[in-house]
Amino acid sequence: MVAWYRINFNLIRLENMGTLIAIILIVIWLLASQPNQKIKAKVRNLVKRNRLKTDIKREQKREEVRQTKSSQDQKSEVVNVSSSEHPDMYNAVSRDIQNQERDRIERAELLIKQAKLAIGKDTANPFDHSELLLTAIDFYKKSYLLINQDSCIQAIEGIQLEIDRRHQFQTLFRDATEKFYHKQFGSALTILFLAQQLYSPPQLTKTIAECEELAKAEKIYLQSLTEAKILSYAGEFRDAIVVIDLALVKFPRQDGEDLKVRLNRVVAAKEQLNLGKIEQRIGDTIAAKYHYCAAIHLLPDW
């Protein structure tokens, strides 16, 4: 890079050290000046390129602004029909929009009226099905799709709440009826009171009154049933059978009948056991074995 600045010191006859120092300083200055000039050139080129990039970006932004403004102007020309430039078209579009809006509102109001008519036809009887209420919900949903009124949503929520309460009431009454059928009047009465907290129709009131009377008889029966069980635990099976027989006469129920059957089998098994003991004492082991097997067979599965 500095080949053309080379100096053949062998050709130079130095007369003193001052001349040598001057030559060295000149060489150093020449070597330093060349890189600085190249660096300055590179800097000038870099500045030019940066300015060019800046100019390009500035022009791109200007073009984007021009395109955006042109697009907005085109949309404005399409959407905003000037009533002064195109009065007939503007009026026609305006009338069409107004007619569509009016028709949509009228259809929504008609659907709301139909929903209210369906609710009015409902008997409000909790034992009835909820078809009319479901129809009203359907009308309100269609109306909401047209006008998006919060009142439609509120009406739907209120109707759905009523439907849910009726279903809950019907479920409770059905469970109470099943208890009533099996003569479990105390349990049925508890469930009926829960249903009464939701609705209190005449049919429910009548059922509760009837159930209360039968629950009193059931209470006496349950006391007799408990007494019979206590006697059976003490081994007094015949006395337990007498108690349960009297209870079943006044209040027949399946669990009492089942207890009576088990007690009778225990008594029969006990008789076979005693017969087996007698046969065993007289030496008839075959007969004794037969009676023992019969006793085992008769014993109930408690």
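In what follows, the structure referred to is the one given above.
Residues numbered from 1 in each chain as written. Predicted model: local features only at pLDDT ≥ 70, side-chain atom pairs only at ≥ 80, totals over all residues. Heavy atoms only, no water.

Asker: Would you mind showing me how to read helix α6 (residues 202-233) here?
Answerer: An α-helix turns once every 3.6 residues. As a result, residues three or four positions apart point the same way. Helix length check: α6 (32 residues) gives 46 Å between terminal C-alpha atoms against 46 Å at 1.5 Å per residue, within 8%. Those residues of α6 that sit buried are Leu204, Thr207, Ile208, Cys211, Ala215, Glu218, Tyr221, Ser224, Leu225, Ala228 and Ser232. The inward-facing, buried residues of α6 abut α4 (150-181), α5 (185-196), α7 (237-250) and α8 (254-281). Just downstream of α6 lies Gly235, where phi reads positive at about 85°. (Helix = DSSP H or I, 4+ residues; strand = E, 2+ residues; numbered from the N terminus. Expected span 1.5 Å × (residues − 1). Buried < 20%, exposed > 50% of the residue type's maximum accessible area, 1.4 Å probe, protein only. Contact = heavy atoms within 4.5 Å.)

Asker: So what exactly am I meant to see when it comes to helix α9 (residues 285-298) here?
Answerer: Across its 14 residues, α9 extends 20 Å between first and last C-alpha, which sits within 8% of the 20 Å expected from 1.5 Å per residue. Looking only at α9, the buried set comprises Ala287, Ala288, His291, Ala294 and Ala295. Angular distribution of buried residues about the axis of α9 spans 125°; they occupy a single face of the element. Exposed and oriented more than 90 degrees from the buried face of α9 are Thr285, Ile286, Lys289, Tyr290, Ile296 and His297. Against α8 lie the buried residues of α9. (Arc of directions from axis to C-beta.)

Asker: Which parts of the structure should I look at to understand unusual backbone geometry?
Answerer: Backbone geometry follows two general trends: most residues other than glycine have a negative phi, and most peptide bonds adopt the trans configuration. Located in the positive-phi region is Ala124, a residue other than glycine, with phi close to 60°. As for its position among the elements, Ala124 is in the loop between α2 (87-121) and α3 (131-147). Positive phi values are uncommon outside glycine, yet Asn148 reaches one of about 55°. Tracing the backbone shows Asn148 in the loop between α3 and α4.

Asker: What am I meant to see in the environment of Ala295 here?
Answerer: Mapped onto the elements, Ala295 comes out in helix α9. Linking Ala295 and Ala269, residues 26 residues apart in sequence, is a C-alpha distance of 4.1 Å.

Asker: Is there a simple way to think about the packing of aromatic side chains in this case?
Answerer: The geometry of an aromatic ring pair is captured by the separation of the ring centres together with the interplanar angle, meaning the angle of the planes. Taken as a whole and assessed by the stated rule, the structure comprises seven aromatic pairs. For the pair Phe127 and Phe173, a centre-to-centre distance of 4.9 Å together with 80° between the ring planes defines the contact as edge-to-face. Residue Phe127 is found in the loop between α2 and α3, and its partner Phe173 is found in helix α4; the two are separated by 46 residues along the sequence. On the accessibility criterion, Phe127 (24% relative accessible area) is partly exposed. Residues Tyr221 and Phe251 carry aromatic rings whose centres are separated by 5.1 Å and whose planes lie at 35° to one another, so their mutual orientation is tilted. Here Tyr221 is found in helix α6, whereas its partner Phe251 is found in the loop between α7 and α8, with 30 residues between them in sequence. A residue is classified by how much of its surface remains accessible, and Tyr221, at 2% relative accessible area, is buried. (Phe/Tyr/Trp six-rings, centres within 6.5 Å; stacked < 30°, edge-to-face > 60°.)

Asker: Where do I start with the nonpolar core in this structure?
Answerer: Note that soluble globular proteins tend to have their nonpolar side chains buried in a common cluster. Within the largest apolar cluster, 31 residues are counted, with the highest numbers of intra-cluster contacts made by Leu192 and Leu204. Breaking this core down by element, the ones donating at least two residues are α4, α5, α6, α7 and α8. When neighbours within four sequence positions are excluded, Leu204 is seen to be in contact with Phe169, Phe173, Leu192, Ala195, Gln196 and Tyr199. In this structure, Ala108, Ile112, Phe139 and Leu146 belong to the second largest nonpolar core, which totals 16 residues. (Core = buried A, V, L, I, M, F, W, Y, C linked by side-chain atoms within 4.5 Å.)

Asker: What's the story with the side chain of Asp122 in this structure? I'm lost.
Answerer: Along the chain, Asp122 turns up in the loop between α2 and α3. Within the structure, Asp122 has its side chain in polar contact with the side chain of Arg166 (distance 2.5 Å). Apart from the residues within four sequence positions on either side, Asp122 is in contact with Leu132, Leu133 and Arg166. (Polar contact = N/O pair within 3.5 Å; in protein donor to acceptor, adjacent residues only side chain to side chain.)

Asker: What is the right way to read the environment of Ala217 from this model?
Answerer: In this structure, Ala217 sits in helix α6. With relative accessibility at 30%, the residue Ala217 sits in the partly exposed group. Between the C-alpha atom of Ala217 and that of Phe185, which follows or precedes it by 32 residues, the distance is 9.2 Å.

Asker: Help me out: how do you make sense of the pattern of salt bridges in this one?
Answerer: Side chains carrying opposite charge are able to pair once their charged atoms draw close together. Enumeration according to the criterion identifies 11 salt bridges in this entry. One salt bridge in this structure joins Arg166 and Asp122, with 2.5 Å as the shortest N-O distance. Note that Arg166 is positioned in helix α4 and Asp122 in the loop between α2 and α3, a separation of 44 residues in sequence. With relative accessibility at 1%, the residue Arg166 sits in the buried group. Asp122 gets classed as buried once you look at its relative accessible area, which sits at 15%. As a salt-bridge pair, Arg253 and Glu218 come within 2.7 Å of each other at their nearest N and O atoms. Residue Arg253 is found in the loop between α7 and α8, and its partner Glu218 is found in helix α6; the two are separated by 35 residues along the sequence. Side by side, Arg253 and Glu218 carry an identical accessibility label, which is buried. (Salt bridge = Lys/Arg side-chain N within 4 Å of Asp/Glu carboxyl O.)

Limitation: the analysis is restricted to geometry and does not speak to function.
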